[in-house]
Amino acid sequence: MTRCMTRCLIGLLILLPLLTGSAHAGGGESRHSIVRCDPAQTASLKTKANHLTERLTLLRTEMPRYTLAFVRDRYVLPMGRKWVEDSEANRNYERYLRSMSRVISAMEKDAQNGLAIECTSAITDQRCREGETLAYVLFILNVPIKKLYICSGFFSQSEERQLSSLMHELSHLSASTQDLGLSWMEGARSNINPAPTDAYHIEQFATGDIGQELRRQIWFWNWPKPPKRPSP
Ligand SMILES: [Zn+2]
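Computed from a prediction, not measured in an experiment: that's the story for all the values here.

Asker: How should the overall build of the protein chain be read in this particular structure?
Answerer: Per the secondary structure count, the protein chain includes six helices and six strands. The order of helices and strands in the protein chain, counted from the N terminus, is β-β-α-α-α-β-β-β-β-α-α-α. Expressed as a percentage of the 232 residues in the protein chain, the buried residues total 32%. Sequence-distant contacts in the protein chain: of pairs separated by 6 or more residues, those separated by 24 or more amount to 70%.

Here it is in structure tokens:
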């Protein structure tokens, strides 16, 4: 199975041939192993992998700030949203924080240890699906192989999108996230519990403004506005 970053399709299953394990050769000046990419692609991926590592460290150190009490005092009460002590919503948020902390730490650790990245051709690699898939991670029996495959279409994205794609794939590789495509945001029926398992959420959380992403994707849905009372 591949878990991937696609332009328009999410979660497509592709049968894969039996694979041998991935080589992970570190060494040299970079801790990352980047193979089968041209020199410009190699330089670009190296810079992005280092940037991604720094970003994950920043996230890990910033995240503890966004406690339940912080959200209550800075968002829920000032915005007139529904707050109930010891509610399920509050417990879900605390569980969300713990899960996100595990995911981000696992991604940071893998990035610090060095990423194995391989460029592959959208023409010859069927998993690139003729350019629809930009990058992917292979899973065998639900265990990710520790290698990021980069399809040639990856490089046609903006620099910012390339970084998002790498975050997305790294979340598959480090935390076995899935391609839920933010489907857990369903208006009044939204449930934040699957968010830490969704590569699309991790990608946006990890590359955007942390406060804004929490507000937009988590707080907004977890603490809805109380229903309006009819005026007398
Ligand atoms: Zn994916």
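Asker: Where do I start with helix H5 (residues 199–207) in this structure?
Answerer: Note on helix geometry: an α-helix contains 3.6 residues per turn, so any two residues three or four positions apart are oriented the same way. Among the nine residues of H5, seven are classified as buried, and the element is accordingly described as predominantly covered. Considered for burial, the residues of H5 that qualify are Ala199, Tyr200, His201, Ile202, Glu203, Phe205 and Ala206.

Asker: Mind showing me how you'd approach the nonpolar core here?
Answerer: Within soluble globular proteins, side chains that are nonpolar generally end up buried alongside one another. In this structure, Leu52, Ala135, Leu148, Ile150 and Leu170 are the most contacted members of the largest nonpolar core, which totals 38 residues. In this structure, Leu148 is in contact with Leu115, Ile117, Ala135, Val137, Leu166, Glu169, Leu170 and Leu173, ignoring residues within four places of it in sequence. Membership of the second largest hydrophobic core comes to nine residues, among which are Tyr66, Ala195, Leu214 and Ile218.

Asker: Please clarify how helix H6 (residues 210–222) should be interpreted in this entry.
Answerer: A bend of about 35° at Arg216 is the largest found in H6. Residues of H6 that are buried include every one of Leu214, Gln217, Ile218, Trp219 and Asn222, and no others. Residues of H6 that are buried in the fold lie against helix H2 (68–76), helix H3 (88–113) and H5.

Asker: Mind showing me how you'd approach unusual backbone geometry here?
Answerer: Excluding glycine, residues mostly carry a negative phi; peptide bonds, for their part, are mostly trans. Even without being a glycine, Arg36 presents a positive backbone phi close to 60°. Secondary-structure assignment places Arg36 in the loop between strand S2 (33–35) and helix H1 (39–62).

Asker: Hey, could you run me through the environment of Gln41 in this one?
Answerer: Here Gln41 shows up in helix H1. The class of Gln41 is partly exposed, set by 17 C-beta atoms lying within 10 Å. Residues in contact with Gln41, not counting those within four places in the same chain, are Cys119 and Phe155.

Asker: I keep staring at the packing of H5 against H6 and nothing clicks. Help me out?
Answerer: For any two helices packed against each other, the geometry is given by the interaxial angle and the distance between the axes. Between H5 and H6, whose axes approach to 7 Å, the crossing angle comes to 145°. Across the interface between the two elements, His201, Gln204 and Phe205 from H5 touch Ile210, Glu213 and Gln217 from H6. Of the residues assigned to the contact of H5 with H6, the class counts are two nonpolar, three polar and one charged.

Asker: Can you help me understand the packing of helix H4 (residues 159–175) against H5 in this one?
Answerer: Across the interface, H4 lies against H5 with an axial gap of 8 Å and an inter-helix angle of 130°. The angle between H4 and H5 places the two elements in the oblique class. In this structure, the crossing between H4 and H5 has a hand that is right-handed. Seen from H4, the contacting residues are Leu163, Ser164, Met167, His168, Ser171 and His172; seen from H5, they are Ala199, Ile202, Glu203, Ala206 and Thr207. Partitioning the contact of H4 with H5 into residue classes produces five nonpolar, five polar and one charged.

Asker: It is not clear to me how the pairing of strand S4 (residues 133–140) should be interpreted in this structure. Could you clarify?
Answerer: Two faces belong to every sheet, and in a regular strand the side chains alternate between them. Counting buried positions along S4 yields six of eight residues, so the element is predominantly enclosed. Here two bridges tie S4 to strand S6 (residues 148–151), and the two strands are oriented antiparallel to one another. Bridge pairing links Ala135 to Ile150 in S6. Here two bridges tie S4 to strand S5 (residues 143–144), and the two strands are oriented antiparallel to one another. Following the sheet pairing, Ile140 is matched in S5 by Val143.

Asker: What am I meant to see in the environment of Met185 here?
Answerer: Note on placement: Met185 falls in the loop between H4 and H5. Owing to 20 C-beta atoms within 10 Å, Met185 belongs among the buried residues under this scheme. A sequence separation of 32 residues divides Met185 from Gln217, and the C-alpha atoms of the two residues are 7.7 Å apart.

Cut-offs applied
- Residues numbered from 1 in each chain as written.
- Predicted model: local features only at pLDDT ≥ 70, side-chain atom pairs only at ≥ 80, totals over all residues.
- Helix = DSSP H or I, 4+ residues; strand = E, 2+ residues; numbered from the N terminus.
- Buried ≥ 20, exposed ≤ 12 C-beta atoms within 10 Å, placed from the backbone.
- Contact = placed C-beta atoms within 7 Å.
- Core = buried A, V, L, I, M, F, W, Y, C linked by C-beta atoms within 7 Å.
- Bend = angle between axes of the 7 residues up to and from the residue.
- Axes fitted to C-alpha atoms, helices over the stretch in contact; angles between N-to-C directions.
- Nonpolar A, V, L, I, M, F, W, Y, C, P; charged D, E, K, R; others polar.
- Parallel < 35°, antiparallel > 145°, perpendicular 65-115°, else oblique.
- Left-handed = near helix turned anticlockwise from the far one by under 90°.
- Pairing = 2+ DSSP bridges.

These results come straight from atomic positions and should not be treated as a statement about function.
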